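# Residue-level structure breakdown
Here is what each chain is made of, one letter per residue.
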Amino acid sequence: MKRCAQLMLRYAKRRNISTGQLLKNPVTLAKLTDITEGIMAVESLVTRIAKLLDDGCAIPVEAYAACKIVGPEFFWQAADSLVQMLGGRGYIETNIAPQLLRDSRILRIYEGPTETLNMFIGSKISNKSEELYQFICQGLEAPQIADILKVAVEQINARYTSSKIPFSERSVASRWLYACTGEVVTLAILLAAVEGAFKRSGSERLYRTVTWAKLNFEQKLERVLSGTPAELVMSSSDTITELISDYSNAIGEIEQTLPGEERELDEMLYCSC
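Presented here is an overview of the structure given in this document. (Residues numbered from 1 in each chain as written. Predicted model: local features only at pLDDT ≥ 70, side-chain atom pairs only at ≥ 80, totals over all residues. Heavy atoms only, no water.)

With that settled, the discussion passes to the pattern of salt bridges. Applying the stated rule across the entire model yields 13 salt bridges. Put simply, Arg-48 and Glu-141 hold a salt bridge, and the shortest N to O gap is 3.4 Å. Pair noted here: Arg-48 is in helix H2 (residues 26-54) and Glu-141 is in the loop between helix H6 (131-139) and helix H7 (143-160), with a separation of 93 residues, a long-range link. By relative accessible area, Glu-141 is classed as partly exposed at 32%. Taken together, the salt bridges that share partners define one network made up of Glu-37, Arg-205 and Arg-208. (Salt bridge = Lys/Arg side-chain N within 4 Å of Asp/Glu carboxyl O. Helix = DSSP H or I, 4+ residues; strand = E, 2+ residues; numbered from the N terminus. Buried < 20%, exposed > 50% of the residue type's maximum accessible area, 1.4 Å probe, protein only.)

Structural data, given as structure tokens:
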């Protein structure tokens, strides 16, 4: 993430567009702010967990999963922003960006895909796991965040166990519940780590990161409680299969053929022996 920020800064300082220097463009500043705040947040979480491990403290498995989620996800966002800013230059291997993009993409899969880890975290805390709450209170020194998270988990549970859930099967609703809950819990763990670090240091730099992490958590919770567009119009597996199967009429099958292309021999050319 730091390398992505370095490359983006170099390019933005040298690139001039119609409105002036790229570095002074608010879109550029917003992307670089997301990256630098993400770096500070991840460092706060990982450093705190490493310190607790050195001190011989027990760490709940959900905390490790949260590290595995936020690190690769934020790295991927940073690498994607880098390539987007560089434009065509982002595809040139000697500019480093393509390698960063590939490396960031694979990390979202290795050691467990993000979606699987979110479902794991969500299932743990939805089934009344108190260990994580205690860790947030004591290990991360953020009891207020633990209280806020408890309320958030109850709200999410209430939404996806009500009679108005957008799924016909309860088991499907439960899996979606775990995935959404895991996303919210992960950002709560990140926020707790940053807030704890701020309380210990009083750093003005960390205060900005606390604000950034808090808004990320609140906005994620709001989206989960209101429902995503795909969730609200989600098709059944049979409907999805039918829709995608029809694509072959427009673009052909996955094998390298053209739509409407004949692959069979003319009947006059078949062997008659």
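Structure's up, so let's keep going.
On the surface, a nonpolar cluster with roughly 500 Å² of combined accessible area is contributed by Ile-240, Leu-243, Ile-244, Tyr-247 and Ile-251. Every element with two or more residues in the nonpolar patch is listed here: helix H11 (237-245) and helix H12 (247-251). Considering every element that reaches the nonpolar patch, the biggest residue donor is H11, with three residues. Checked against the element boundaries, Tyr-247 lands in helix H12. (Patch = residues over 30% accessible without salt bridge, like charges linked within 9 Å, V, L, I, M, F, W, Y side chains within 5 Å. Areas by Shrake-Rupley, 256 points an atom, 1.4 Å probe, with all protein chains shown as cover.)

Another point: a positive patch on the surface. Judged by side-chain charge, Arg-3, Arg-10, Lys-13 and Arg-14 come together as a positively charged surface patch. Assignment of secondary structure puts Arg-10 in helix H1 (residues 2-14). Residue classification places Arg-10 among the exposed residues on the basis of a relative accessible area of 58%. (Lys, Arg positive; Asp, Glu negative; His and termini not counted. Charge placed at Lys NZ, Arg CZ, Asp CG, Glu CD.)

What follows is about unusual backbone geometry. Phi at Ile-96 takes a positive value of approximately 75°, unusual for a residue other than glycine. Position of Ile-96 relative to the elements: it lies in the loop between helix H3 (61-86) and helix H4 (97-107). Phi at Glu-111 takes a positive value of approximately 60°, unusual for a residue other than glycine. Residue placement: Glu-111 occurs in the loop between H4 and helix H5 (114-126). By relative accessible area, Glu-111 is classed as exposed at 72%.

Turning next to H7. With 18 residues, H7 extends 26 Å between its outermost C-alpha atoms, agreeing within 8% with the 26 Å of an ideal straight helix rising 1.5 Å per residue. Buried-residue contacts for H7 involve H5, H6, helix H8 (170-201), helix H9 (204-226) and helix H10 (229-232). (Expected span 1.5 Å × (residues − 1). Contact = heavy atoms within 4.5 Å.)

Turning our attention to the packing of H7 against H9. Their axes nearest at 9 Å, the elements H7 and H9 cross at an angle of 15°. In terms of orientation, H7 and H9 fall into the roughly parallel class. You can see that H7 and H9 cross each other, and the crossing is left-handed. Residues Ile-148, Ala-152, Gln-155, Ile-156, Arg-159 and Tyr-160 of H7 form the contact with H9, whose participating residues are Phe-217, Leu-221, Val-224, Leu-225 and Ser-226. Here the residues of the contact of H7 with H9 sort into eight nonpolar, two polar and one charged. (Axes fitted to C-alpha atoms, helices over the stretch in contact; angles between N-to-C directions. Parallel < 35°, antiparallel > 145°, perpendicular 65-115°, else oblique. Left-handed = near helix turned anticlockwise from the far one by under 90°. Nonpolar A, V, L, I, M, F, W, Y, C, P; charged D, E, K, R; others polar.)

What follows deals with the packing of H8 against H9. The angle between the axes and the distance between the axes are what describe a pair of packed helices. Where H8 contacts H9, the axes come no closer than 9 Å and their chain directions differ by 160°. Classified by the interaxial angle, the pair formed by H8 and H9 is roughly antiparallel. Between H8 and H9 the crossing geometry is left-handed. Taking contact as the criterion, the partners of Cys-180, Glu-183, Val-184, Leu-187, Ala-188, Leu-191, Val-194, Glu-195, Ala-197, Phe-198 and Ser-201 in H8 are, on H9, Leu-206, Tyr-207, Thr-209, Val-210, Ala-213, Lys-214, Asn-216, Phe-217, Lys-220, Leu-221 and Val-224. Among the residues making up the contact of H8 with H9, the classes are represented as 15 nonpolar, three polar and four charged.

For the rest of this paragraph, the subject is the packing of aromatic side chains. Two measures describe an aromatic ring pair: the distance that separates the ring centres and the angle between the ring planes. If you walk through the whole model with that rule in mind, you get two aromatic pairs. Aromatic pair Phe-198 and Tyr-207: ring centres 5.6 Å apart, planes at 50°, arrangement tilted. Residue classification places Phe-198 among the partly exposed residues on the basis of a relative accessible area of 24%. Between the NZ or CZ atom of Arg-105 and the centre of the ring of Trp-76, over which it lies, the distance is 5.4 Å. Stacked on the ring of Tyr-133, the Lys or Arg Lys-150 has its end atom at 5.1 Å from the ring centre. (Phe/Tyr/Trp six-rings, centres within 6.5 Å; stacked < 30°, edge-to-face > 60°. Lys NZ or Arg CZ within 6 Å of the ring centre and 35° of its normal.)

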